[in-house]
Amino acid sequence: MERTDEMKILLANLPWINTEEFYGLRAGSRWPHLRNRKEMLEYYPFPFFLAYASAVLKEAGYEIILKDCIAEGITKKDFINFSSELKPDIAVFETSTPSIENDLELSKLVKETTNAVIVLTGPHVTAMPSEALKEEYIDYVLCGECDYVLRDLVSALKNNSDTSIIKGVCGKKNGKIFINERAPLINNLDDLPYPLRESLPMTKYNDPFCKHTPNTQMLTSRGCPYGCIFCMEPWVYYGKSNYRMRSPKSVVDEMAFLIKKYNAKEIYFDDSSFSVNQERVKKICDEITTRGIKVFWSCMADAKLEEDTLRQMKKNGCVAVKFGVESASPTILKNVNKPINLDNVKEVVNRCKKVGIETHATYMFGLPGETKETIKETTDFAFALKTDTAQFSVAIPYPGTKFYELAKENNWIIAKDWQDFSGSKSTIQYPNISPEEILNAANYCRKRIILKTVTNPRQAFQYLKSIYNYGGFYHLLHTIFQKLWYLIKH
(Lines give C-alpha, C1' and ligand atoms only; values in the text may rest on other atoms or scores of the structure.)
Protein backbone atom coordinates (compact mmCIF):
# COMPACT_ATOMS: atom_id res chain seq x y z
CA MET A 1 0.00 0.00 0.00
CA GLU A 2 1.90 3.04 -1.23
CA ARG A 3 1.70 6.15 0.90
CA THR A 4 2.71 9.75 0.31
CA ASP A 5 4.38 12.41 2.43
CA GLU A 6 0.90 13.82 3.06
CA MET A 7 -0.13 10.82 5.14
CA LYS A 8 -2.59 11.71 7.88
CA ILE A 9 -2.20 9.77 11.10
CA LEU A 10 -4.95 9.78 13.71
CA LEU A 11 -4.04 8.77 17.26
CA ALA A 12 -6.90 8.51 19.73
CA ASN A 13 -7.96 7.63 23.22
CA LEU A 14 -11.30 6.30 22.03
CA PRO A 15 -14.71 7.17 23.52
CA TRP A 16 -15.84 4.71 26.16
CA ILE A 17 -18.54 4.55 28.84
CA ASN A 18 -19.82 8.00 29.77
CA THR A 19 -23.06 8.06 31.80
CA GLU A 20 -24.47 10.15 34.64
CA GLU A 21 -23.00 7.66 37.12
CA PHE A 22 -19.80 6.33 35.53
CA TYR A 23 -17.13 7.28 33.02
CA GLY A 24 -14.24 5.15 31.85
CA LEU A 25 -10.54 5.97 32.13
CA ARG A 26 -8.05 4.25 29.87
CA ALA A 27 -5.03 6.03 28.35
CA GLY A 28 -2.71 7.45 31.00
CA SER A 29 -4.17 5.37 33.83
CA ARG A 30 -2.11 2.58 35.43
CA TRP A 31 -5.35 0.72 36.07
CA PRO A 32 -8.00 1.27 33.36
CA HIS A 33 -11.31 1.45 35.19
CA LEU A 34 -14.76 2.98 35.56
CA ARG A 35 -14.86 6.03 37.80
CA ASN A 36 -17.94 6.79 39.90
CA ARG A 37 -18.85 10.45 39.38
CA LYS A 38 -20.82 10.69 42.62
CA GLU A 39 -18.12 9.09 44.74
CA MET A 40 -14.91 10.57 43.31
CA LEU A 41 -13.68 13.97 42.17
CA GLU A 42 -13.40 14.52 38.44
CA TYR A 43 -10.09 13.32 37.04
CA TYR A 44 -8.61 12.68 33.60
CA PRO A 45 -5.11 11.19 33.34
CA PHE A 46 -2.74 12.58 30.72
CA PRO A 47 -2.35 10.06 27.82
CA PHE A 48 1.43 9.81 27.95
CA PHE A 49 2.00 6.94 25.53
CA LEU A 50 -0.18 8.43 22.78
CA ALA A 51 1.30 11.88 23.35
CA TYR A 52 4.91 10.66 23.21
CA ALA A 53 4.25 8.56 20.08
CA SER A 54 2.57 11.58 18.47
CA ALA A 55 5.56 13.79 19.26
CA VAL A 56 7.97 11.27 17.72
CA LEU A 57 5.86 11.11 14.55
CA LYS A 58 5.57 14.88 14.36
CA GLU A 59 9.34 15.20 14.77
CA ALA A 60 9.69 12.79 11.82
CA GLY A 61 7.59 15.14 9.67
CA TYR A 62 4.20 13.42 9.64
CA GLU A 63 0.80 15.10 9.91
CA ILE A 64 -0.57 14.13 13.33
CA ILE A 65 -4.09 14.42 14.71
CA LEU A 66 -4.22 13.48 18.41
CA LYS A 67 -7.61 13.18 20.13
CA ASP A 68 -8.39 12.37 23.76
CA CYS A 69 -12.07 11.58 23.34
CA ILE A 70 -12.57 10.73 27.02
CA ALA A 71 -11.16 14.00 28.34
CA GLU A 72 -12.97 15.99 25.63
CA GLY A 73 -16.28 14.17 26.17
CA ILE A 74 -16.52 13.12 22.51
CA THR A 75 -19.27 10.56 21.88
CA LYS A 76 -18.89 7.45 19.77
CA LYS A 77 -21.15 8.88 17.08
CA ASP A 78 -19.25 12.17 16.94
CA PHE A 79 -15.92 10.35 16.80
CA ILE A 80 -17.01 8.21 13.87
CA ASN A 81 -18.29 11.32 12.06
CA PHE A 82 -15.00 13.10 12.79
CA SER A 83 -12.97 10.13 11.51
CA SER A 84 -15.11 9.86 8.38
CA GLU A 85 -14.52 13.51 7.53
CA LEU A 86 -10.81 13.35 8.38
CA LYS A 87 -10.18 10.17 6.37
CA PRO A 88 -6.85 9.28 8.02
CA ASP A 89 -4.44 6.95 6.27
CA ILE A 90 -3.50 5.34 9.59
CA ALA A 91 -5.56 5.21 12.80
CA VAL A 92 -3.80 4.32 16.07
CA PHE A 93 -5.95 3.50 19.10
CA GLU A 94 -4.86 2.75 22.68
CA THR A 95 -6.82 -0.14 24.17
CA SER A 96 -7.33 -1.64 27.62
CA THR A 97 -8.78 -4.84 29.06
CA PRO A 98 -12.15 -3.55 30.33
CA SER A 99 -12.70 -1.44 27.19
CA ILE A 100 -11.45 -3.89 24.56
CA GLU A 101 -14.90 -4.86 23.21
CA ASN A 102 -15.76 -1.17 22.87
CA ASP A 103 -12.37 -0.50 21.25
CA LEU A 104 -12.79 -3.27 18.69
CA GLU A 105 -16.30 -2.07 17.83
CA LEU A 106 -15.06 1.47 17.13
CA SER A 107 -12.03 0.16 15.22
CA LYS A 108 -14.35 -1.76 12.94
CA LEU A 109 -16.51 1.30 12.28
CA VAL A 110 -13.46 3.47 11.52
CA LYS A 111 -12.19 0.80 9.12
CA GLU A 112 -15.54 0.61 7.35
CA THR A 113 -15.90 4.38 6.99
CA THR A 114 -12.29 5.37 6.19
CA ASN A 115 -10.42 2.23 5.08
CA ALA A 116 -7.54 3.43 7.26
CA VAL A 117 -4.81 1.08 8.41
CA ILE A 118 -5.94 0.19 11.94
CA VAL A 119 -3.19 -0.07 14.57
CA LEU A 120 -3.87 -0.99 18.20
CA THR A 121 -1.60 -0.36 21.18
CA GLY A 122 -2.00 -0.62 24.94
CA PRO A 123 -1.75 -3.26 27.66
CA HIS A 124 -4.53 -5.62 26.56
CA VAL A 125 -3.38 -6.13 22.98
CA THR A 126 0.24 -6.26 24.17
CA ALA A 127 -0.71 -9.20 26.36
CA MET A 128 -3.00 -10.81 23.75
CA PRO A 129 -2.02 -9.64 20.25
CA SER A 130 -3.37 -12.70 18.45
CA GLU A 131 -6.83 -12.17 19.94
CA ALA A 132 -7.08 -8.72 18.35
CA LEU A 133 -5.46 -9.73 15.04
CA LYS A 134 -8.06 -12.44 14.50
CA GLU A 135 -10.41 -9.60 13.61
CA GLU A 136 -10.10 -8.89 9.88
CA TYR A 137 -10.36 -5.12 10.38
CA ILE A 138 -7.31 -4.97 12.70
CA ASP A 139 -4.12 -4.60 10.66
CA TYR A 140 -1.40 -4.22 13.30
CA VAL A 141 -0.77 -4.47 17.02
CA LEU A 142 2.19 -2.73 18.67
CA CYS A 143 3.48 -4.47 21.79
CA GLY A 144 4.93 -2.63 24.76
CA GLU A 145 6.88 0.62 24.42
CA CYS A 146 5.96 1.83 20.95
CA ASP A 147 7.27 5.41 20.51
CA TYR A 148 9.84 4.46 17.86
CA VAL A 149 8.07 1.24 16.82
CA LEU A 150 5.11 3.24 15.51
CA ARG A 151 7.43 5.61 13.66
CA ASP A 152 9.15 2.64 12.00
CA LEU A 153 5.81 1.08 11.05
CA VAL A 154 4.57 4.34 9.50
CA SER A 155 7.82 4.66 7.57
CA ALA A 156 7.47 1.10 6.26
CA LEU A 157 3.86 1.72 5.18
CA LYS A 158 4.85 4.96 3.49
CA ASN A 159 7.62 3.23 1.55
CA ASN A 160 5.60 0.06 0.91
CA SER A 161 8.31 -2.02 2.60
CA ASP A 162 8.08 -5.18 4.68
CA THR A 163 6.38 -4.53 8.03
CA SER A 164 6.81 -8.10 9.27
CA ILE A 165 10.49 -7.56 10.12
CA ILE A 166 9.92 -4.66 12.53
CA LYS A 167 10.47 -5.57 16.18
CA GLY A 168 7.49 -4.71 18.34
CA VAL A 169 5.06 -5.01 15.43
CA CYS A 170 2.50 -7.83 15.14
CA GLY A 171 0.30 -8.19 12.09
CA LYS A 172 -0.68 -10.34 9.14
CA LYS A 173 1.29 -11.51 6.14
CA ASN A 174 -0.07 -13.72 3.37
CA GLY A 175 -3.17 -14.33 5.46
CA LYS A 176 -1.23 -15.51 8.52
CA ILE A 177 -0.72 -13.73 11.84
CA PHE A 178 2.89 -12.93 12.78
CA ILE A 179 3.98 -12.05 16.32
CA ASN A 180 7.38 -10.35 16.48
CA GLU A 181 9.61 -10.01 19.51
CA ARG A 182 9.52 -6.69 21.32
CA ALA A 183 11.74 -3.82 20.31
CA PRO A 184 14.56 -2.96 22.73
CA LEU A 185 13.53 -0.49 25.43
CA ILE A 186 14.59 3.12 24.97
CA ASN A 187 17.71 3.58 27.07
CA ASN A 188 18.23 7.33 26.70
CA LEU A 189 14.91 8.95 27.54
CA ASP A 190 16.47 12.39 27.02
CA ASP A 191 16.39 11.67 23.28
CA LEU A 192 12.58 11.65 23.26
CA PRO A 193 10.77 14.90 22.43
CA TYR A 194 8.32 16.22 25.01
CA PRO A 195 4.91 14.54 24.70
CA LEU A 196 2.62 16.35 22.26
CA ARG A 197 0.30 18.54 24.30
CA GLU A 198 -0.73 21.32 21.90
CA SER A 199 -3.84 19.62 20.54
CA LEU A 200 -5.01 18.15 23.86
CA PRO A 201 -7.48 19.69 26.36
CA MET A 202 -4.76 20.57 28.86
CA THR A 203 -7.15 22.22 31.32
CA LYS A 204 -8.93 18.86 31.80
CA TYR A 205 -5.82 17.12 33.17
CA ASN A 206 -6.05 18.65 36.65
CA ASP A 207 -5.23 15.87 39.10
CA PRO A 208 -7.29 15.96 42.36
CA PHE A 209 -4.15 14.88 44.20
CA CYS A 210 -2.46 18.18 43.34
CA LYS A 211 -2.81 21.11 45.71
CA HIS A 212 -2.62 23.96 43.18
CA THR A 213 -4.29 24.74 39.86
CA PRO A 214 -3.62 24.75 37.03
CA ASN A 215 -1.46 21.66 37.35
CA THR A 216 0.01 19.34 34.79
CA GLN A 217 1.69 15.95 34.64
CA MET A 218 5.06 14.76 33.34
CA LEU A 219 7.34 11.73 33.50
CA THR A 220 10.94 11.82 34.73
CA SER A 221 11.50 8.09 34.31
CA ARG A 222 9.98 4.93 32.86
CA GLY A 223 9.51 1.49 34.32
CA CYS A 224 10.02 0.14 37.80
CA PRO A 225 12.88 -1.88 39.34
CA TYR A 226 10.41 -3.95 41.36
CA GLY A 227 8.19 -6.84 40.28
CA CYS A 228 4.82 -6.60 42.03
CA ILE A 229 2.71 -9.34 40.45
CA PHE A 230 -0.36 -7.10 39.97
CA CYS A 231 1.44 -4.23 38.21
CA MET A 232 1.29 -3.78 34.44
CA GLU A 233 4.44 -1.64 34.29
CA PRO A 234 7.03 -4.45 34.52
CA TRP A 235 5.00 -7.32 33.07
CA VAL A 236 3.01 -5.70 30.27
CA TYR A 237 4.19 -2.22 29.27
CA TYR A 238 7.93 -2.90 29.41
CA GLY A 239 8.17 -6.71 29.47
CA LYS A 240 10.48 -6.86 32.48
CA SER A 241 11.47 -5.10 35.69
CA ASN A 242 13.51 -2.09 34.68
CA TYR A 243 14.02 1.55 35.54
CA ARG A 244 15.28 4.25 33.19
CA MET A 245 15.79 7.84 34.27
CA ARG A 246 15.90 11.15 32.49
CA SER A 247 18.77 13.45 33.40
CA PRO A 248 18.09 16.17 36.00
CA LYS A 249 18.67 18.86 33.34
CA SER A 250 16.12 17.26 30.99
CA VAL A 251 13.57 17.05 33.82
CA VAL A 252 13.95 20.68 34.84
CA ASP A 253 13.97 21.82 31.20
CA GLU A 254 10.48 20.32 30.79
CA MET A 255 9.34 21.83 34.08
CA ALA A 256 10.39 25.27 32.82
CA PHE A 257 8.56 24.59 29.53
CA LEU A 258 5.33 23.63 31.33
CA ILE A 259 5.46 26.73 33.53
CA LYS A 260 5.98 29.03 30.54
CA LYS A 261 3.64 27.31 28.07
CA TYR A 262 0.78 26.22 30.35
CA ASN A 263 1.19 28.47 33.40
CA ALA A 264 1.56 25.36 35.58
CA LYS A 265 1.34 26.14 39.29
CA GLU A 266 2.03 22.52 40.25
CA ILE A 267 3.69 19.68 38.35
CA TYR A 268 2.93 16.06 39.19
CA PHE A 269 5.68 13.55 38.45
CA ASP A 270 3.61 10.55 37.39
CA ASP A 271 6.50 8.05 37.54
CA SER A 272 6.00 4.60 39.05
CA SER A 273 8.43 5.84 41.67
CA PHE A 274 10.16 9.19 41.44
CA SER A 275 12.43 8.36 44.38
CA VAL A 276 14.11 5.07 43.39
CA ASN A 277 17.43 6.92 43.20
CA GLN A 278 17.51 9.50 46.00
CA GLU A 279 20.80 11.00 44.80
CA ARG A 280 19.09 11.79 41.50
CA VAL A 281 16.18 13.36 43.38
CA LYS A 282 18.67 15.64 45.14
CA LYS A 283 20.32 16.53 41.82
CA ILE A 284 16.93 17.48 40.38
CA CYS A 285 16.36 19.66 43.44
CA ASP A 286 19.81 21.24 42.94
CA GLU A 287 18.95 21.93 39.30
CA ILE A 288 15.67 23.56 40.33
CA THR A 289 17.61 25.81 42.73
CA THR A 290 20.31 26.66 40.19
CA ARG A 291 17.74 27.54 37.53
CA GLY A 292 15.58 29.55 39.91
CA ILE A 293 12.48 27.48 39.07
CA LYS A 294 9.50 28.51 41.19
CA VAL A 295 6.74 25.92 41.08
CA PHE A 296 5.05 23.49 43.44
CA TRP A 297 5.38 19.80 42.64
CA SER A 298 4.27 16.38 43.87
CA CYS A 299 5.16 12.81 43.03
CA MET A 300 4.65 9.07 43.39
CA ALA A 301 7.45 7.67 45.54
CA ASP A 302 8.44 4.66 47.61
CA ALA A 303 8.59 4.34 51.38
CA LYS A 304 12.36 4.65 51.63
CA LEU A 305 12.75 8.43 51.48
CA GLU A 306 15.25 9.73 54.01
CA GLU A 307 14.61 12.89 55.99
CA ASP A 308 17.42 14.87 54.35
CA THR A 309 15.99 14.04 50.91
CA LEU A 310 12.50 15.08 52.00
CA ARG A 311 13.80 18.36 53.42
CA GLN A 312 15.52 19.17 50.14
CA MET A 313 12.37 18.22 48.23
CA LYS A 314 10.26 20.49 50.45
CA LYS A 315 12.72 23.36 50.05
CA ASN A 316 12.46 23.06 46.28
CA GLY A 317 8.68 23.01 45.98
CA CYS A 318 7.46 19.50 46.87
CA VAL A 319 4.05 19.67 48.53
CA ALA A 320 2.79 16.07 48.47
CA VAL A 321 3.91 12.47 47.99
CA LYS A 322 1.99 9.30 47.10
CA PHE A 323 3.00 5.87 48.44
CA GLY A 324 1.78 2.50 47.23
CA VAL A 325 1.15 0.39 50.35
CA GLU A 326 -1.57 -1.96 48.97
CA SER A 327 -1.92 -4.18 52.08
CA ALA A 328 -1.02 -4.25 55.77
CA SER A 329 -0.68 -8.03 55.72
CA PRO A 330 2.99 -9.15 55.54
CA THR A 331 1.78 -12.43 54.04
CA ILE A 332 -0.05 -10.69 51.21
CA LEU A 333 2.87 -8.34 50.57
CA LYS A 334 5.11 -11.40 50.24
CA ASN A 335 2.56 -13.14 47.99
CA VAL A 336 2.51 -10.20 45.56
CA ASN A 337 6.27 -9.57 45.70
CA LYS A 338 5.78 -6.07 47.09
CA PRO A 339 9.15 -4.92 48.52
CA ILE A 340 7.80 -2.75 51.29
CA ASN A 341 8.28 -2.69 55.04
CA LEU A 342 5.28 -1.42 57.00
CA ASP A 343 7.52 0.11 59.67
CA ASN A 344 9.25 2.07 56.91
CA VAL A 345 5.85 3.29 55.74
CA LYS A 346 5.05 4.63 59.20
CA GLU A 347 8.48 6.25 59.43
CA VAL A 348 8.32 7.99 56.05
CA VAL A 349 4.80 9.32 56.73
CA ASN A 350 6.03 10.76 60.03
CA ARG A 351 9.05 12.27 58.26
CA CYS A 352 6.78 13.90 55.69
CA LYS A 353 4.63 15.40 58.45
CA LYS A 354 7.75 16.64 60.19
CA VAL A 355 9.03 18.52 57.13
CA GLY A 356 5.58 19.67 55.95
CA ILE A 357 4.87 17.42 52.94
CA GLU A 358 1.35 15.98 52.61
CA THR A 359 0.93 12.24 52.12
CA HIS A 360 -1.38 9.92 50.20
CA ALA A 361 -1.39 6.11 50.37
CA THR A 362 -2.93 3.58 47.99
CA TYR A 363 -4.47 0.27 49.03
CA MET A 364 -5.96 -2.73 47.22
CA PHE A 365 -8.39 -5.33 48.47
CA GLY A 366 -8.51 -8.75 46.85
CA LEU A 367 -4.85 -9.63 46.40
CA PRO A 368 -3.80 -13.29 46.82
CA GLY A 369 -4.16 -14.34 50.45
CA GLU A 370 -6.94 -11.88 51.24
CA THR A 371 -9.31 -12.82 54.08
CA LYS A 372 -11.77 -11.00 56.31
CA GLU A 373 -8.96 -10.71 58.86
CA THR A 374 -6.46 -9.18 56.41
CA ILE A 375 -9.09 -6.69 55.19
CA LYS A 376 -9.58 -5.51 58.79
CA GLU A 377 -5.81 -5.44 59.24
CA THR A 378 -5.37 -3.20 56.19
CA THR A 379 -8.33 -0.96 57.08
CA ASP A 380 -7.08 -0.44 60.63
CA PHE A 381 -3.55 0.27 59.40
CA ALA A 382 -4.71 2.72 56.72
CA PHE A 383 -6.69 4.91 59.09
CA ALA A 384 -4.20 4.65 61.94
CA LEU A 385 -1.43 5.77 59.55
CA LYS A 386 -3.20 9.12 59.21
CA THR A 387 -2.02 10.06 55.75
CA ASP A 388 -3.76 13.21 54.55
CA THR A 389 -5.65 11.26 51.89
CA ALA A 390 -5.86 7.66 50.67
CA GLN A 391 -7.10 5.58 47.75
CA PHE A 392 -8.86 2.21 47.99
CA SER A 393 -9.54 -0.10 45.05
CA VAL A 394 -10.23 -3.73 44.23
CA ALA A 395 -7.35 -5.76 42.85
CA ILE A 396 -7.72 -6.58 39.14
CA PRO A 397 -5.74 -9.44 37.54
CA TYR A 398 -5.00 -7.78 34.19
CA PRO A 399 -3.88 -10.08 31.36
CA GLY A 400 -0.12 -10.17 30.99
CA THR A 401 0.59 -9.83 34.72
CA LYS A 402 1.81 -12.56 37.03
CA PHE A 403 -1.37 -12.02 39.04
CA TYR A 404 -3.47 -12.98 36.01
CA GLU A 405 -1.42 -16.16 35.46
CA LEU A 406 -1.76 -17.11 39.13
CA ALA A 407 -5.50 -16.39 39.13
CA LYS A 408 -6.05 -18.50 36.02
CA GLU A 409 -4.02 -21.41 37.41
CA ASN A 410 -6.08 -21.41 40.60
CA ASN A 411 -9.48 -20.76 38.94
CA TRP A 412 -9.98 -17.58 40.96
CA ILE A 413 -11.33 -15.48 38.07
CA ILE A 414 -15.11 -15.28 37.97
CA ALA A 415 -15.45 -12.51 35.35
CA LYS A 416 -17.86 -13.31 32.55
CA ASP A 417 -16.20 -11.00 30.02
CA TRP A 418 -13.46 -8.37 29.79
CA GLN A 419 -15.85 -5.58 30.79
CA ASP A 420 -15.92 -7.07 34.30
CA PHE A 421 -12.27 -6.00 34.72
CA SER A 422 -13.38 -2.38 35.17
CA GLY A 423 -12.90 -2.13 38.95
CA SER A 424 -16.61 -1.63 39.61
CA LYS A 425 -16.78 -5.22 40.89
CA SER A 426 -14.34 -7.86 42.11
CA THR A 427 -13.35 -10.40 39.46
CA ILE A 428 -11.78 -12.71 42.05
CA GLN A 429 -13.33 -15.52 44.12
CA TYR A 430 -11.15 -16.86 46.93
CA PRO A 431 -12.07 -19.82 49.16
CA ASN A 432 -12.41 -17.74 52.34
CA ILE A 433 -13.89 -14.48 51.10
CA SER A 434 -16.51 -13.50 48.53
CA PRO A 435 -16.17 -10.94 45.71
CA GLU A 436 -18.92 -8.91 47.37
CA GLU A 437 -16.96 -8.69 50.62
CA ILE A 438 -13.90 -7.47 48.73
CA LEU A 439 -15.89 -4.77 46.90
CA ASN A 440 -17.73 -3.75 50.06
CA ALA A 441 -14.42 -3.26 51.87
CA ALA A 442 -13.18 -0.86 49.18
CA ASN A 443 -16.48 1.04 49.14
CA TYR A 444 -16.57 1.32 52.93
CA CYS A 445 -13.05 2.77 53.04
CA ARG A 446 -13.76 5.19 50.20
CA LYS A 447 -16.77 6.61 52.02
CA ARG A 448 -14.82 6.82 55.25
CA ILE A 449 -11.96 8.73 53.58
CA ILE A 450 -14.47 11.14 52.00
CA LEU A 451 -15.94 11.84 55.45
CA LYS A 452 -12.44 12.31 56.86
CA THR A 453 -11.66 14.83 54.13
CA VAL A 454 -14.86 16.89 54.32
CA THR A 455 -14.62 17.14 58.12
CA ASN A 456 -11.06 18.48 57.92
CA PRO A 457 -11.42 22.26 57.32
CA ARG A 458 -7.98 22.67 55.74
CA GLN A 459 -8.37 19.76 53.34
CA ALA A 460 -11.99 20.62 52.54
CA PHE A 461 -11.02 24.21 51.68
CA GLN A 462 -8.13 22.95 49.57
CA TYR A 463 -10.39 20.69 47.53
CA LEU A 464 -13.14 23.30 47.21
CA LYS A 465 -10.61 25.85 45.96
CA SER A 466 -9.25 23.36 43.43
CA ILE A 467 -12.75 22.44 42.20
CA TYR A 468 -13.64 26.13 41.84
CA ASN A 469 -10.45 26.92 39.94
CA TYR A 470 -11.04 23.94 37.71
CA GLY A 471 -14.68 24.47 36.75
CA GLY A 472 -16.04 27.65 38.27
CA PHE A 473 -18.83 28.42 40.72
CA TYR A 474 -21.60 26.25 39.25
CA HIS A 475 -19.26 23.28 38.94
CA LEU A 476 -18.35 23.77 42.61
CA LEU A 477 -22.01 23.84 43.68
CA HIS A 478 -22.82 20.76 41.59
CA THR A 479 -19.89 18.85 43.07
CA ILE A 480 -20.82 19.77 46.65
CA PHE A 481 -24.46 18.72 46.26
CA GLN A 482 -23.46 15.54 44.39
CA LYS A 483 -21.01 14.41 47.09
CA LEU A 484 -23.31 15.35 49.99
CA TRP A 485 -26.21 13.46 48.45
CA TYR A 486 -23.96 10.45 47.90
CA LEU A 487 -22.82 10.45 51.53
CA ILE A 488 -26.35 10.91 52.89
CA LYS A 489 -27.77 8.22 50.63
CA HIS A 490 -25.09 5.69 51.58
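Refer to the structure presented above.
Residues numbered from 1 in each chain as written. Predicted model: local features only at pLDDT ≥ 70, side-chain atom pairs only at ≥ 80, totals over all residues. Heavy atoms only, no water.

Peer 1: Would you mind going over the overall build of the protein chain with me for this structure?
Peer 2: The helix and strand inventory of the protein chain stands at 17 helices and 17 strands. Computed over C-alpha atoms, the radius of gyration of the protein chain comes to 22 Å, within 12% of the 23 Å expected from 2.2 N^0.38 for 490 residues, which places it in the range of a compact globule. Considered along the principal axes of its C-alpha atoms, the protein chain spans approximately 65 × 55 × 45 Å. Looking at the 490 residues of the protein chain, the share that counts as buried comes to 60%. Considering only contacts in the protein chain between residues 6 or more positions apart, those separated by 24 or more positions represent 70%. With an accessible surface of roughly 20,600 Å², the protein chain has 51% of that area assigned to carbon and sulfur atoms. In the protein chain, the 64 positive side-chain charges and the 60 negative ones have mean positions that sit 4 Å from each other. (Helix = DSSP H or I, 4+ residues; strand = E, 2+ residues; numbered from the N terminus. Rg over C-alpha atoms; globule rule 2.2 N^0.38 Å. Buried < 20%, exposed > 50% of the residue type's maximum accessible area, 1.4 Å probe, protein only. Contact = heavy atoms within 4.5 Å. Areas by Shrake-Rupley, 256 points an atom, 1.4 Å probe, with all protein chains shown as cover. Lys, Arg positive; Asp, Glu negative; His and termini not counted. Charge placed at Lys NZ, Arg CZ, Asp CG, Glu CD.)

Peer 1: It is not clear to me how the packing of aromatic side chains should be interpreted in this structure. Could you clarify?
Peer 2: Each aromatic ring pair is specified by the distance between its two centres and by the angle formed by the two planes. Tallied over the full model, the rule gives 18 aromatic pairs. Judged by centre distance (5.7 Å) and plane angle (15 degrees), the ring pair of Phe 383 and Phe 392 falls under stacked. Of the residues examined, Phe 383 reaches a relative accessible area of 14% and is grouped as buried. The interplanar angle of 40 degrees and the centroid separation of 6.4 Å between the aromatic rings of Tyr 404 and Trp 418 together place this pair among those described as tilted. You can see Tyr 404 sitting in helix H15 (residues 402–409) and its partner Trp 418 sitting in the loop between H15 and helix H16 (435–454), a full 14 residues away along the chain. Among the residues examined, Trp 418 registers a relative accessible area of 17% and is labelled buried. Joined through ring pairs, the aromatic side chains of Tyr 363, Phe 365, Phe 383 and Phe 392 make up one cluster. The positively charged end of Lys 67 is found above the aromatic ring belonging to Phe 82, 5.0 Å away from the centroid. (Phe/Tyr/Trp six-rings, centres within 6.5 Å; stacked < 30°, edge-to-face > 60°. Lys NZ or Arg CZ within 6 Å of the ring centre and 35° of its normal.)

Peer 1: Even after reading the chapter, I still don't get the side chain of Ser 275, so can you show me in this structure?
Peer 2: Among the structural elements, Ser 275 can be located in the loop between strand E13 (266–269) and helix H10 (278–291). Overall, the relative accessible area of 2% leaves Ser 275 in the buried class. A polar contact of 3.1 Å, which involves the side chain of Ser 275, links it to the backbone nitrogen of Asp 302. Apart from residues lying up to four places away in sequence, Ser 275 is in contact with Val 281, Met 300, Ala 301, Asp 302 and Leu 305. (Polar contact = N/O pair within 3.5 Å; in protein donor to acceptor, adjacent residues only side chain to side chain.)

Peer 1: Is there a simple way to explain the environment of Thr 378 in this structure?
Peer 2: One can find Thr 378 in helix H14 (residues 372–385). You can call Thr 378 buried: its relative accessible area is 0%. Linking Thr 378 and Phe 365, residues 13 residues apart in sequence, is a C-alpha distance of 8.6 Å. Contact partners of Thr 378, with chain neighbours within four places excluded, come to Glu 326, Ser 327, Ala 328, Ser 329, Tyr 363 and Phe 365. At 3.0 Å, the side chain of Thr 378 forms a polar contact with the backbone nitrogen of Ala 328.

Peer 1: Even after reading the chapter, I still don't get the pattern of salt bridges, so can you show me in this structure?
Peer 2: A side chain with one charge can pair with a side chain of the opposite charge if their charged atoms come near. Applying the stated criterion across every chain yields a total of 26 salt bridges. The closest approach of N and O atoms between Asp 270 and Arg 30, which form a salt bridge, is 3.0 Å. Taken together, the residues Asp 270 in the loop between E13 and H10 and Arg 30 in the loop between strand E2 (22–25) and strand E3 (33–36) connect sequence positions 240 residues apart. Taking the relative accessible area as the measure of exposure, Asp 270 reaches 10% and is therefore buried. Linking Glu 347 and Arg 351 is a salt bridge whose minimum nitrogen-to-oxygen distance equals 3.4 Å. Here Arg 351 and Glu 347 lie together in helix H13 (residues 342–355), a separation of four residues that amounts to about one turn. (Salt bridge = Lys/Arg side-chain N within 4 Å of Asp/Glu carboxyl O.)

Peer 1: Teacher, can you tell me more about the pairing of strand E15 (residues 318–326) here?
Peer 2: Looking along a regular strand, one sees the side chains alternate between the two faces of the sheet. With nine of its nine residues buried, E15 lies for the most part within the structure. The pairing of strand E14 (residues 296–301) with E15 spans five bridges and is parallel. Along E15, the bridge assignment pairs Trp 297 with Cys 318. Crossover connection from E14 via helix H11 (residues 307–315) to parallel E15: handedness right-handed. Where E15 meets strand E16 (residues 358–365), six bridges bridge the pair, whose relative direction is parallel. Residue pairing for E16: Glu 326 is matched across the bridge by Tyr 363. (Pairing = 2+ DSSP bridges. Right-handed = clockwise from strand over helix to strand, strands pointing away.)

Peer 1: Is there a simple way to think about H13 in this case?
Peer 2: One turn of an α-helix holds 3.6 residues; hence residues three or four places apart share an orientation. Between its first and last C-alpha, H13 extends 20 Å over 14 residues, near the 20 Å set by a 1.5 Å rise per residue. Those residues of H13 that fall on the buried side of the exposure criterion are Leu 342, Val 345, Val 348, Val 349, Arg 351, Cys 352 and Val 355. At its buried positions, H13 is contacted by H11, E15, helix H12 (330–335), E16 and H14. If you check the start of H13, you find a side-chain oxygen 2.8 Å away from the backbone N of Asp 343, and it comes from Asn 341. (Expected span 1.5 Å × (residues − 1).)

Peer 1: Got a minute to help me understand the packing of H11 against H13 in this structure?
Peer 2: The axes of two packed helices give the description: the angle between them and the distance between them. Look at H11 against H13: their axes get within 10 Å of each other, and the N-to-C directions meet at 40 degrees. One way to sum up the angle between H11 and H13 is to call them oblique. When you trace H11 past H13, the crossing you get is right-handed. Across the interface between the two elements, Glu 307, Leu 310, Arg 311 and Lys 314 of H11 pack against Val 348, Arg 351, Cys 352, Lys 354 and Val 355 of H13. Its residues assigned to classes, the contact of H11 with H13 shows four nonpolar, no polar and five charged. (Axes fitted to C-alpha atoms, helices over the stretch in contact; angles between N-to-C directions. Parallel < 35°, antiparallel > 145°, perpendicular 65-115°, else oblique. Left-handed = near helix turned anticlockwise from the far one by under 90°. Nonpolar A, V, L, I, M, F, W, Y, C, P; charged D, E, K, R; others polar.)

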